Amino acid sequence: MRQFQILAAACALTLLSAQGISAQQATTATPYAPTVGQPGKDVVWVPTQAALVEQMLDMAEVTPQDYLVDLGSGDGRTVIAAAKRGLRAHGIEFNPDLVELSRRNAAAEGVGERATFAQGDIFQSDFSRATVVTMFLLQSLNERLRPILLDMEPGTRVVSNTFTMGNWEPDQQISGEPNCTSFCRAYKWIIPAKVEGRWRMAGGELRLTQSYQMLTGTLTLNGRATEISDARMQGRQISFSADGRRYVGEARGDRMTGQVDGAEAWTAQRES
Ligand SMILES: C[S@@+](CC[C@H](N)C(=O)[O-])C[C@H]1O[C@@H](n2cnc3c(N)ncnc32)[C@H](O)[C@@H]1O
């Protein structure tokens, strides 16, 4: 049922885009007012509902230290809501009228300094300094963005309204408000550190295979090999179980450090 709803939503967005439902033209007499469903470069404009914007920011656990970038920022609502929480936030939007409208909206809300906007194509823009990325696009566009996102700093949070990342399972998902009727779900992914390979440990080695944030592999200690289980990354944080013991730690570059069963220290050095 849920898959059908998502498919229907995707079709609606794509069809509206293809049909080219009328965009309001800016005139000197009439201030620009966008129309829900108006065409966009790769996807039409449909605004995220205000309640879901706040839930998406909660989900991302934003702090004033974060720098949020909204990809395809529409009328600027997510960027402005983030700026109101004290963050620096930036929107990338292809439609110049929406960019101008966003700037006016930000100024009217008193956050024109912290909320900035650029006219551009998200696929031609550098947003690598973002610590939080938000989006309301389409699954196909999310999948095109996926390799770029996966190269961002580990720990960066990515939150998407309604559309998933294909076979990259989300770390968290929410259903939105009970009264919400369309585009009510949001998904979060945390960019995982890249840890696939062989790691030397005191008395043995750890071999890891990585699929996004999920890990499989083998821990060999004192000549005894054990498959690891319940193993994953959360940003730089690694956790796995082996031989009845729980390993947690942090991966930084070629080194991992952590604790076994909350007490004994362990370290690992990358070999390949
Ligand atoms: C579904 S709306 C979401 C707007 C806003 N993020 C929100 O949640 O309210 C998608 C937006 O992406 C913009 N867009 C589409 N393709 C784009 C592209 N390649 N680069 C930049 N913006 C794009 C559209 O103009 C539209 O404003």
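Located above this text is the structure these notes cover.
Being a predicted model, the structure only gives us computed values, none of them experimental.

Draft legend 1. The arrangement of the pattern of salt bridges in detail. Summed over all chains, the structure comprises 22 salt bridges. Arg103 serves as the salt-bridge partner of Glu100, at 3.0 Å between the closest nitrogen and oxygen. Of the two residues, Glu100 and Arg103 both sit in helix H4 (residues 96–108), 3 residues apart, roughly one turn of that helix. Looking at Arg103, the relative accessible area reads 38%, which means it is partly exposed. A salt bridge links Glu153 to Arg236, with the shortest nitrogen-to-oxygen separation between them at 2.7 Å. With a gap of 83 residues between them, Glu153 in the loop between helix H5 (139–150) and strand E5 (157–161) and Arg236 in the loop between strand E12 (229–234) and strand E13 (237–242) connect regions that are remote in the sequence. For Glu153, a relative accessible area of 48% corresponds to the partly exposed category. Members of the salt-bridge network, linked through shared partners, are Arg198, Arg200, Glu205, Arg207 and Glu271.

Draft legend 2. Expanded view of the nonpolar core. The biggest cluster of nonpolar side chains holds 30 residues, and the ones touching the most others in it are Leu71, Phe127, Val133, Met135, Leu145 and Leu149. Looking at this core, the elements that each hand over two or more residues are strand E1 (67–71), strand E4 (132–135), H5 and strand E7 (186–190). In terms of residues, this core owes the most to one element, H5, which gives 4 residues. Excluding its chain neighbours within four sequence positions, the residues that come into contact with Val133 are Val69, Leu71, Phe127, Leu149, Met152, Thr156, Arg157, Val158 and Val159.

Draft legend 3. View of unusual backbone geometry. Not every positive phi belongs to a glycine, and Thr162 is a case in point at roughly 70°. Looking at where Thr162 falls in the secondary structure, it is placed in the loop between E5 and strand E6 (172–174). Among the residues examined, Thr162 registers a relative accessible area of 6% and is labelled buried. Phi at Asp261 is positive, roughly 50°, even though this residue is not glycine. Secondary-structure assignment places Asp261 in the loop between strand E15 (255–260) and strand E16 (264–270).

Draft legend 4. Spatial organisation of the site of the ligand. Taken together, 21 residues are adjacent to the ligand, and Asp42, Thr48, Asp70, Gly72 and Glu93 come closest. Between a nitrogen atom of the ligand and a side-chain N or O atom of Asp42, the distance comes to 2.7 Å. Gly72 is positioned such that a nitrogen or oxygen atom in its backbone is 2.7 Å from a nitrogen atom of the ligand. Considering the ligand on its own, with 600 Å² of exposed area, one finds that the protein chains cover 99% of that surface. If you map the ligand onto the pockets, it falls in the largest cavity. Its residues assigned to classes, the shell around the ligand shows 9 nonpolar, 6 polar and 6 charged.

The rules we used
Residues numbered from 1 in each chain as written. Predicted model: local features only at pLDDT ≥ 70, side-chain atom pairs only at ≥ 80, totals over all residues. Heavy atoms only, no water. Salt bridge = Lys/Arg side-chain N within 4 Å of Asp/Glu carboxyl O. Helix = DSSP H or I, 4+ residues; strand = E, 2+ residues; numbered from the N terminus. Buried < 20%, exposed > 50% of the residue type's maximum accessible area, 1.4 Å probe, protein only. Core = buried A, V, L, I, M, F, W, Y, C linked by side-chain atoms within 4.5 Å. Contact = heavy atoms within 4.5 Å. Near = heavy atom within 4 Å. Polar contact = N/O pair within 3.5 Å; in protein donor to acceptor, adjacent residues only side chain to side chain. Areas by Shrake-Rupley, 256 points an atom, 1.4 Å probe, with all protein chains shown as cover. 1 Å grid on protein atoms, 1.4 Å probe; cavity = no way out; pocket = protein on both sides within 12 Å on 5 of 7 lines; lining within 4 Å. Sits in = over half its atoms within 2 Å of the grid points. Nonpolar A, V, L, I, M, F, W, Y, C, P; charged D, E, K, R; others polar.

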